[in-house]
Amino acid sequence: MRPGDPTPTSRNLNPLMHPFARARERTRALNAVKMERMFAKPFVDSLEGHIDAVEVLCRRPGSLTGVASGSWDGGIILHNLATRKPIAKIPQAHKGKASGLCFSPDGQRLLSCGVDRNVKLWAVGDDNLNTEVPLNVFPGKAAFNSIDHHRTDPLFATASNTVQIWDETKSAAISNLTFPTSTETITSVRFNMSESSVLASIGSDRTFTLYDIRTGKAERRVVMQMQSNALSWSPTFPTTMLLASEDHNLYTFDIRHLDAPTQIYKAHVAAVMSCDWSPTGLEFVSGGWDRTVRIWQEGKGRAPEVYHTKRMQRVSSTVFTGDARFVLSGSDDGNVRIWKAKASDKLGVVTARERAAIEYREKLKERWRIDQEVDRVARTRHLPKSVHQTNKLKNTMLEARRVKEERRRKHTRAGESKPKAERKKLVIAEQV
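Residues numbered from 1 in each chain as written. Predicted model: local features only at pLDDT ≥ 70, side-chain atom pairs only at ≥ 80, totals over all residues. Heavy atoms only, no water.

Draft legend 1. View of the overall build of the protein. The helix and strand tally for the protein stands at five helices and 29 strands. A burial count over the protein gives 46% of its 432 residues as buried. Within the protein, contacts between residues separated by at least 24 positions form 49% of all contacts whose residues are at least 6 apart in sequence. As presented, the protein carries roughly 23,100 Å² of accessible surface, and 52% of it is formed by carbon and sulfur atoms. Positive and negative side-chain charges in the protein, numbering 68 and 48 respectively, have mean positions lying 8 Å apart. (Helix = DSSP H or I, 4+ residues; strand = E, 2+ residues; numbered from the N terminus. Buried < 20%, exposed > 50% of the residue type's maximum accessible area, 1.4 Å probe, protein only. Contact = heavy atoms within 4.5 Å. Areas by Shrake-Rupley, 256 points an atom, 1.4 Å probe, with all protein chains shown as cover. Lys, Arg positive; Asp, Glu negative; His and termini not counted. Charge placed at Lys NZ, Arg CZ, Asp CG, Glu CD.)

Take a look at the structure:
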């Protein structure tokens, strides 16, 4: 080649390697993520029937369609999600608020508790449905706030001013579980799904306590900065516990190391009132005082999926369905709403060709998520104006707090005040 000749272009003679392959793939990824946002219509239906705020929801074990809801007026309704019709109604199950619901492991019996100091056992099986008269009534000495059934045995736990263990065949509590120095009101109680004799509770004095019903005493207790409103055990990781807190955040704890949470989940702009794991253990749902329902990926503390409607008021209870495809929320306006767990999912029959196209688009989005524009479209969510403004105000306050701490550290003697990680600030004391 003589000097001055034009530089020869290098050509890839492989017909499968098109020179614009990457550019085309990026365009397809951008179109896929835009289509996902266009077809994101998460609201499915509303289950009516309550005349007051829905306080509690629980799903029937071994069923994809059975759900029970309890209201502030003391009424309980059993819903069928397939037909979206009530199976049974118990209008005055309790005098005052129905504060807790749980099914027996076989799904044939329903336990309910209320502020009228009674726990009632109802027959709700398909062959022996009877909502006129309860099978049994267990009177207590204080108002009950929560109830949960043992995974295998005919035992259940209630939360009032103490944690009590009851037997379905006995009329009085068989044991009381308390921490020696504890004087709080227990707001929620849950049995571990794997180690079924382990029990967790949260209290009004900002505590989270672990019990063992075999020893009949509290094993460990953690005092935190703010009160927790709900708790839920992970269905796939037996040592992982999720807490919904009054400080607008959710926390996952490993119960073997309670000195700090494993992850903080930040997005709510008001107190988080409820939380529930998906049966897959890969995601969970939360509902808050800010009138939104949010679906989080486990281990990813920001940018959750957010659902809201104009009429939905403060969300007090949320639960996943047994197949992890839908989420239910109960709110102050008396409705139980059904949402898709994945907002852009198609309901109904999906052909093999459609399934292949959906999976291809998912792979494209996953591969090109690193692209700035694709990521921006994927993360964009419309929020109600009140939530958006509150979020801006909250960010301003958090930034002001950070600047204040920085300035304080700057004007103190070197090494006197060291910056503390956010996770380390949460737990005040751990008591054994």
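After presenting the structure, the write-up continues.
Draft legend 2. Region of interest: helix H3 (residues 372–379). Restricting attention to buried positions, one finds in H3 the residues Val374, Asp375, Val377 and Ala378. Within H3, the buried residues cover an arc of 165 degrees as seen down the axis, which keeps them to one side. Residues of H3 that are buried in the fold lie against helix H1 (21–38). (Arc of directions from axis to C-beta.)

Draft legend 3. The arrangement of the pattern of salt bridges in detail. Inspection of the entire model under this criterion finds 28 salt bridges. Linking Lys365 and Glu36 is a salt bridge whose minimum nitrogen-to-oxygen distance equals 3.5 Å. Of the two residues, Lys365 sits in helix H2 (residues 352–367) while Glu36 sits in helix H1, which places them 329 residues apart along the sequence. Like Lys365, the residue Glu36 is buried in the burial classification. Put simply, Asp106 and Arg109 hold a salt bridge, and the shortest N to O gap is 3.3 Å. (Salt bridge = Lys/Arg side-chain N within 4 Å of Asp/Glu carboxyl O.)

Draft legend 4. A look at the sheet that holds strand E20 (residues 249–254). Taken together, four strands build an open sheet; the order of strands is E18-E19-E20-E21 and the sheet is antiparallel. Edge strands, defined here as strands with exactly one partner in the open sheet, are strand E18 (228–233) and strand E21 (263–266). Taken pair by pair, the neighbouring strands of this sheet meet at an average axis angle of 20 degrees, ignoring direction. By the bridge criterion, four bridges tie E20 to E21 in an arrangement that is antiparallel. Opposite Tyr251, over in E21, you have Ile264 as the bridge partner. (Pairing = 2+ DSSP bridges. Axes fitted to C-alpha atoms, helices over the stretch in contact; angles between N-to-C directions.)

Draft legend 5. Geometry of a nonpolar patch on the surface. A cluster of nonpolar side chains, Met35, Met38 and Phe39, forms an exposed patch at the surface whose accessible area comes to about 310 Å². Counting through the fold element by element, Met35 comes out in helix H1. A relative accessible area of 30% means that Met35 is categorised as partly exposed. (Patch = residues over 30% accessible without salt bridge, like charges linked within 9 Å, V, L, I, M, F, W, Y side chains within 5 Å.)

Draft legend 6. Representation of the environment of Trp339 in the model. Topologically, Trp339 is positioned in strand E28 (residues 336–340). Spatially, the C-alpha atom of Trp339 lies 11 Å from that of Arg294, the residues being 45 residues apart in sequence. Residues contacting Trp339, with those up to four places away along its chain left out, are Pro42, Phe43, Val44, Val293, Tyr307, His308, Thr309, Met312, Arg325, Phe326, Val327 and Ser329. At a separation of 3.0 Å, a polar atom in the side chain of Trp339 contacts the side chain of Ser329. (Polar contact = N/O pair within 3.5 Å; in protein donor to acceptor, adjacent residues only side chain to side chain.)

Draft legend 7. Molecular detail of the packing of aromatic side chains. Counting across every chain of the model gives eleven aromatic pairs. Aromatic ring contacts, followed pair by pair, group Phe138, Phe144, Phe156 and Trp166 into a single cluster. Between Lys97 and the ring centre of Trp72, over which it is positioned, the NZ or CZ distance is 4.7 Å. (Phe/Tyr/Trp six-rings, centres within 6.5 Å; stacked < 30°, edge-to-face > 60°. Lys NZ or Arg CZ within 6 Å of the ring centre and 35° of its normal.)

Draft legend 8. Spotlight on the packing of H1 against H3. Running from N to C, H1 and H3 cross one another at 10 degrees; their axes reach a closest spacing of 9 Å. If you check the angle between H1 and H3, you find them roughly parallel. For the pair H1 and H3, contact is made by Arg26, Leu30, Val33, Lys34 and Arg37 and by Glu373, Val374, Val377 and Ala378, respectively. Of the residues belonging to the contact of H1 with H3, the class tally is five nonpolar, no polar and four charged. (Parallel < 35°, antiparallel > 145°, perpendicular 65-115°, else oblique. Nonpolar A, V, L, I, M, F, W, Y, C, P; charged D, E, K, R; others polar.)

Draft legend 9. Here's a closer look at the sheet that holds strand E3 (residues 66–71). Here we have four strands laid out as an open sheet, ordered E2-E3-E4-E5, and antiparallel in their pairing. The open sheet has two free edges, formed respectively by strand E2 (54–59) and strand E5 (85–90), since each of these has just one partner strand. Neighbouring strand axes in the sheet, compared pairwise and without regard to direction, differ in orientation by 20 degrees on average. Pairing between E3 and strand E4 (residues 76–80): five bridges, direction antiparallel. Note on E4: the bridge partner recorded for Ser69 is Ile77.

Draft legend 10. Structural view of the UniProt feature "repeat: WD" (unreviewed entry) in the protein. The sites that carry the UniProt feature "repeat: WD" (unreviewed entry) are, in the present numbering, residues 91–132, 265–297 and 308–349. Secondary structure across residues 265–297 comprises 0% helix and 58% strand; the distance between its end C-alpha atoms is 10 Å. (UniProt positions renumbered as here; feature names shortened; annotations may be inferred.)

Draft legend 11. Quick look at the pairing of strand E8 (residues 118–123). Within E8, five of the six residues are buried, which leaves the element mostly enclosed by the surrounding structure. Where strand E7 (residues 109–114) meets E8, five bridges bridge the pair, whose relative direction is antiparallel. Counted as the bridge partner of Leu110 is Trp122 from E8. Taken together, E7 and the strand that follows it, E8, pair antiparallel across an intervening segment of three residues, in which Arg117 is found at a positive phi of about 70 degrees. Bridge count for E8 against strand E9 (residues 136–139) is four bridges, and the pairing is antiparallel. Across the sheet, residue Asn118 finds its bridge partner in E9, namely Pro139.

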